[in-house]
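Here are the chains, one letter per residue:
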Amino acid sequence: MSDLTAILLECQNPDAAIREQAEQKLTQAQNFNYPDFALALAKELAGEEKDVTVRQLAGIHFKNLLVAKEDALQTSKHHAWMGMDAANRTAVKSILIQVIRSPVNIARHTAAQACAEVAAVEVPYNQWPEFLPAIMENITGAEHPDVVKISTLECLGFSCERIASLENVPEINPETTDKMLTAIVDGIRNDRPDPIRLSAAKALRNSLLFTKKNMENKNERDMIMTAICEATQSKCSEVRAAAYECIAQIAYQYYDKLADYMVTLFNLTTAAIESDEENVAQNAIEFWSTLCEEEMELIDEERHCQSQGIAEENPCMKYVAGALERLGPLLTVILTKQDEDCVGEDDIWNLSMAAATCLGLIANTVEDAIVPIIAPFIQNNIKSEDWRFREAATMAFSSILEGPSSETIGPYVNHSIPLLLAALSDPHEMVKDTTAWT
């Protein structure tokens, strides 16, 4: 398409009629000769002499050749791509991989997304054997600048995320998973610059769905966990936050593999909750919230098995109960770090809200055991002169109402009713809101 550049720009024209006409031209070109259209878009993205807006538009339109919200249309688009001649697909893929090395940031980022869409279609079916070697070469090759390594790790992370989102996709073979993991762990090494480590940590989080075989192997599991734990000590808060996201994901997917690492994870997460920046502390809290959800399921399974007189296959390790004496009081401190700007906002998520949610999950996990841990904080602060402590005490009380037995929590409820009624007239709006919610 000799006029593709002009048509792409017309797609951004403020005149709706011109935009619509341009979109129709692109659709006609796609329907008339799909392989040529896909190749033309890839070349437009690759054109270093082109305006960056045109390159980005070309990449977005290419990505849209493969992406749809509806499953049926998504499948149809994937079939259309795979219906192309292998030589045509190879030509397009070679261009996309090359653009990840572009000196232009937007072009690299757009190419990373486009490559990921193709990888999601082809890698599970072993149709792109050149993909991972090219990815590895970009990440480990000393001749490639850091910006290329970052975009390449973005591509790998996007690929894992997209593959995980697709249904009825074959399981990725172990050799492919090993190569993906090798590339990611190389990127997250503690001698890598923080921007590379951040991209690698995000890619690792997305890849965890495919690393079951690796997590079964203790040496490989140790390597993964060591890399993640080291990343929690990065000087960059974004890297630390991403590392804790990985840890929470591991708690969700590999609870049964945590035993060897729980002392370290306990120390790391509690330290982060206590003193790290808010985005990091929130993700560290999320680890414990995830553990609670996993343990509640396991406890329910145990009770069911006991009622049926059968042995449970996946025992609950009671990590939350073991951490309760340290974790419970720590979360009550975090409850006092409210954001006054969020009064009346229902869709705001912040550190104190994360702590309250986690405290509620803990109460449902350990049940009666939560009461003697949290009750002193409530009793000492429910009438505090500092509104933050009054609100935190009220929030702590409401968070532990569900979980403990009525025999254990009942006396505290009866004692608190007059205090709560009085708090409905508290001079601070947040105290009143929390009390009403309780």
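What you see as residue numbers is a count from 1 along each chain, following the sequence as written. For this predicted model, a pLDDT threshold of at least 70 governs which residues receive local features, and a threshold of 80 or more governs which side-chain atom pairs are given and counted, while totals over whole chains, interfaces and linings are taken from all residues. Side-chain numbers come from the whole structure's heavy atoms, not from hydrogens or water.

**A closer look at the overall build of the protein**
Now for step 1: Secondary structure elements follow DSSP: runs of H or I no shorter than four residues count as helices, runs of E no shorter than two count as strands, and numbering proceeds from the N terminus. Across its full length, the protein holds 22 helices and zero strands.
Now for step 2: Classification of the 438 residues of the protein by burial places 50% in the buried group.
Now for step 3: Residue contacts follow a heavy-atom distance rule, with two residues in contact if any of their heavy atoms lie within 4.5 Å. Within the protein, contacts between residues at least 6 apart in sequence are counted, and of these 68% link residues at least 24 apart.
Now for step 4: Accessible surface is estimated by sampling points in the Shrake-Rupley manner with a 1.4 Å probe; for residues, cover comes only from the protein chains shown. Looking at the protein as shown, the accessible area adds up to about 20700 Å², and 51% of this sits on carbon and sulfur atoms.
Now for step 5: Of the charged side chains in the protein, 35 are positive and 67 negative; the average position of the first set lies 6 Å away from that of the second. Partly exposed residues are those whose accessible area sits between 20% and 50% of the maximum for their type, while under 20% is buried and over 50% is exposed, using a 1.4 Å probe and protein chains only. This count recognises Lys and Arg as positive and Asp and Glu as negative, with His and chain-terminal groups excluded. Just so you know, the charge point we use is NZ for Lys, CZ for Arg, CG for Asp and CD for Glu.

**Here we look at the packing of helix α9 (residues 146-165) against helix α11 (residues 194-207)**
Now for step 1: Where α9 meets α11, the closest approach of the two axes is 8 Å, and the angle between their N-to-C directions is 10°. As far as their axial angle goes, α11 and α9 are roughly parallel. Viewed along their axes, α9 and α11 form a crossing whose handedness is left-handed. Here α9 contributes Asp-146, Lys-149, Ile-150, Leu-153, Glu-154, Gly-157, Cys-160 and Glu-161 to the contact with α11, which in turn contributes Pro-195, Ile-196, Ser-199, Ala-200, Ala-203, Asn-206 and Ser-207. Only the contacting stretch of a helix is used when fitting its axis, a line to C-alpha atoms as for every element, and angles between N-to-C directions run 0 to 180 degrees. Reported orientations rely on four angle classes, namely roughly parallel under 35 degrees, roughly antiparallel over 145, roughly perpendicular from 65 to 115, and oblique for the rest. Handedness of a crossing is defined here by the sense of rotation of the near helix relative to the far one, left-handed for an anticlockwise turn of less than a right angle and right-handed for a clockwise turn.

**Notes on the layout of surface pockets**
Now for step 1: In this structure, the second largest pocket encloses a volume near 380 Å³.
Now for step 2: Definitions used throughout: a 1 Å grid over protein atoms alone; a cavity as a set of points that fits a 1.4 Å probe which cannot get out; a pocket as an open set with protein on both sides within 12 Å along at least five of seven lines; a lining residue as one with an atom within 4 Å of a point. Taken together, 17 residues form the lining of the second largest pocket, with Gln-74, Thr-75, His-78, Leu-166 and Glu-167 sitting closest to its centre.
Now for step 3: Those elements giving two or more residues to the lining of the second largest pocket turn out to be α5 (71-82), α7 (105-122) and α9.
Now for step 4: Residue composition of the lining of the second largest pocket, grouped by class: seven nonpolar, six polar and four charged. Grid points are joined across faces, edges and corners, and a volume is the space filled by probe spheres set on the points. Each residue gets one of three labels, nonpolar for Ala, Val, Leu, Ile, Met, Phe, Trp, Tyr, Cys and Pro, charged for Asp, Glu, Lys and Arg, and polar for the others, Gly among them.

**Remarks on the packing of aromatic side chains**
Now for step 1: Two aromatic rings from Phe, Tyr or Trp, using only the six-membered ring of Trp, form a pair when their centres are within 6.5 Å; if the ring planes differ by under 30 degrees the pair is stacked, by over 60 it is edge-to-face, and anything between is tilted. Within the structure shown, the criterion is met by five aromatic pairs.
Now for step 2: Ring centres 5.8 Å apart and planes at 85° place the aromatic pair Phe-62 and Trp-81 in the edge-to-face group. On the criterion of sequence distance, the pair formed by Phe-62 in helix α4 (residues 52-64) and Trp-81 in helix α5 is long-range, its members being 19 residues apart. Residue Phe-62 shares its accessibility class with Trp-81, and that shared class is buried.
Now for step 3: Each ring, one from Tyr-255 and one from Tyr-319, has its centre 5.4 Å from the other, and the planes form 55°; the classification is tilted. Here the residue Tyr-255 occupies a position in the loop between α14 (237-253) and α15 (262-275), and Tyr-319 occupies one in helix α17 (residues 319-335), the gap between them amounting to 64 residues.
Now for step 4: Under the relative-accessibility criterion, Tyr-255 is labelled buried at 6%.
Now for step 5: Members of the aromatic cluster, connected to one another through ring pairs, are Phe-266, Phe-287 and Trp-288.

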